[in-house]
Amino acid sequence: MANTVTFQTEKKLVSAFHTALDSATEQEIPKVMSQYCAPELKWRGFHPFNEINGAEQVARQFWQPLKSSLTRQQNRVDILFAGQNSLRDEADVWVVSMGHLMGLFDRPWLGIRPTGKLAFLRYCAFYKVAGDRIVETAMYFDIPHLMVQAGQNPFPPQTAAHLVQPGPRPHDGLLLNAQPAEEGEKTLAIINAMISDLGQWDNGLSLEDELTQTWHQDMIWWGPEGIGATYTIERYAKQHSGPFRAAFSDRSKTNHVCRMAEGHYGGFFGWPNFTATPSGGFMGMPATGKPGEFRVIDIYRRAGDKLAENWVFIDLLHFWNGQGVDILARTTEIETP
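All values reported here derive from a predicted model rather than from experimental measurement. Every chain is numbered independently, its residues counted from 1 as its sequence is written. Predicted model: local features are reported for residues with pLDDT of at least 70 only, side-chain atom pairs are reported and counted for 80 or more only, and whole-chain, interface and lining totals are derived from all residues. Hydrogens and water are ignored here; the side-chain numbers use all heavy atoms of the structure.

Asks: Please clarify how the packing of helix α2 (residues 29–36) against helix α3 (residues 55–69) should be interpreted in this entry.
Replies: Geometrically, a packed helix pair is captured by the angle between its two axes and the distance between the axes. Note on geometry: axes are lines fitted to C-alpha atoms, helical ones only across the stretch in contact, with angles between N-to-C directions running from 0 to 180 degrees. Starting at the N terminus, helices and strands are each numbered in turn, a helix being any DSSP run of H or I of at least four residues and a strand any DSSP run of E of at least two. Here α2 crosses α3 at 135°, and the two axes come no closer than 9 Å. One element, α2, and the other, α3, form an angle in the oblique class. Crossing geometry of α2 relative to α3 is assigned as right-handed. On α3, the residues that touch I29, P30 and M33 of α2 are A55, V58, A59, R60, W63, Q64 and K67. The class makeup of the residues in the contact of α2 with α3 is 7 nonpolar, 1 polar and 2 charged. To sort the angles, those under 35 degrees are grouped as roughly parallel, those over 145 as roughly antiparallel, those from 65 to 115 as roughly perpendicular, and the leftovers as oblique. Crossing handedness follows the turn of the near helix against the far one: under a right angle anticlockwise gives a left-handed crossing, and clockwise gives a right-handed one. A contact between two residues is defined here by any heavy atoms of the two lying within 4.5 Å. Gly falls in the polar group here, along with every residue not listed as nonpolar (Ala, Val, Leu, Ile, Met, Phe, Trp, Tyr, Cys, Pro) or charged (Asp, Glu, Lys, Arg).

Laid out in structure tokens, this is it:
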């Protein structure tokens, strides 16, 4: 019988938390947070939320305003897995949930004008579970992606495609059952190999040859709004990886808070993952020569011995804020004609 490591209790806790949040009214959110999260919850979110300490503060600063704006909210989960954080020796178990918060965009949120129509907020969350509580959360969400749906595109034309992004091609991303331990180990090994390649940027190989070592030829890179989604190694190199490397210098080493895998799925997050200096112009903006922080979540699907799909969340609002450009304020202050 295959060796299995089970994180079923932790996955059930997070799934129950999702269900409770979905069904809760705006007023009931603090009670749901106190039921599933530690009072001293440490929460990391994208700009302008950043770090929030305490379950009640997270309820009041993030969930209640979002629930008020994006009404009749549903958490449509595409990927759910759990595992031991490979970067820590002690028991450090995390659950990952990725998908979209869907609702009717009925009231302004962060100054973004409502549409009264269906809207999707792309998100991915890492939940650290200890005992029967969530004690730490990294919840990353693509605010510019929502802005584009509302007709308030904050960025110049992007190099890849704007899409409401689907879940995994095999539709097997909800790992509700325990997975063979060796499958997760294979996934983590290929992610680690890819990170090792990625960190070098100058290893004597062409970019496409480097990518071929760890990626399928028909890889799909589901990138954030402002960069977009791209398909195949050739187009990924042309539409994101090549332009990105040309735009930056002095890339720091990768620094992750959590990196893990279960079954064919794995991922990581950092706070920030790395810093780099825009020296060649990025996203249609001129080079600043000022180091910038990249807060990133990457989620991967392995197929066989290579990576097939990658969902990416980058806090571009935080990056540009650090460069002296308040994208959110600049875009939302524009008066409706």
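Here the narrative resumes, following the displayed structure.
Asks: Help me out: how do you make sense of the sheet that holds strand β3 (residues 51–53) in this one?
Replies: Across a sheet, strands are paired by hydrogen bonds formed along the backbone, either parallel or antiparallel in direction. Pairing between two strands is assigned when DSSP locates at least 2 bridges connecting them. Spatial ordering of the open sheet is given by β3-β2-β7-β6-β5-β4, a layout of 6 strands whose pairing is mixed. Taken across any chain shown, the strands that pair with only one partner, and hence form the sheet edges, are β3 and β4 (70–84). Across the sheet, the axes of successive neighbouring strands diverge by a mean angle of 20°, strand direction being ignored. In this sheet, strand β7 (residues 133–141) lies alongside strand β2 (residues 37–45) in parallel orientation, the contact comprising 5 bridges. Bridge assignment links R44 to a residue of β7, and that residue is A138. Contacts between helix α1 (residues 8–23) and the sheet are confined to β2, β4, β5 (93–105), β6 (118–130) and β7, with β4 contributing the most and set at about 175° to the helix.

Asks: In this structure, what is going on with the pattern of salt bridges? I would like to understand it.
Replies: Proximity of charged atoms lets side chains of opposite charge pair with each other. Here a salt bridge means any side-chain nitrogen of Lys or Arg lying within 4 Å of a carboxyl oxygen belonging to Asp or Glu. All told, the structure shown has 12 salt bridges when counted by the stated rule. Its salt-bridge partner being R301, residue E309 comes within 2.8 Å of it at the nearest N-O pair. Accessibility assignment for this pair places E309 and R301 in one class, buried. Each of E183, K186 and R302 takes part in a single network of salt bridges with overlapping partners. Partly exposed describes any residue whose relative accessible area lies between the buried limit of under 20% and the exposed limit of over 50%, with all areas from a 1.4 Å probe on protein chains only and scaled to the type maximum.

Asks: Can you walk me through the sheet that holds strand β15 (residues 292–294) in this structure?
Replies: Taken together, 3 strands build an open sheet; the order of strands is β11-β14-β15 and the sheet is antiparallel. Of all strands in the sheet, those bounded by a partner on one side alone are β11 (248–249) and β15. The pairing of strand β14 (residues 274–278) with β15 spans 3 bridges and is antiparallel. If you follow F274 over to β15, its bridge partner there is F294.

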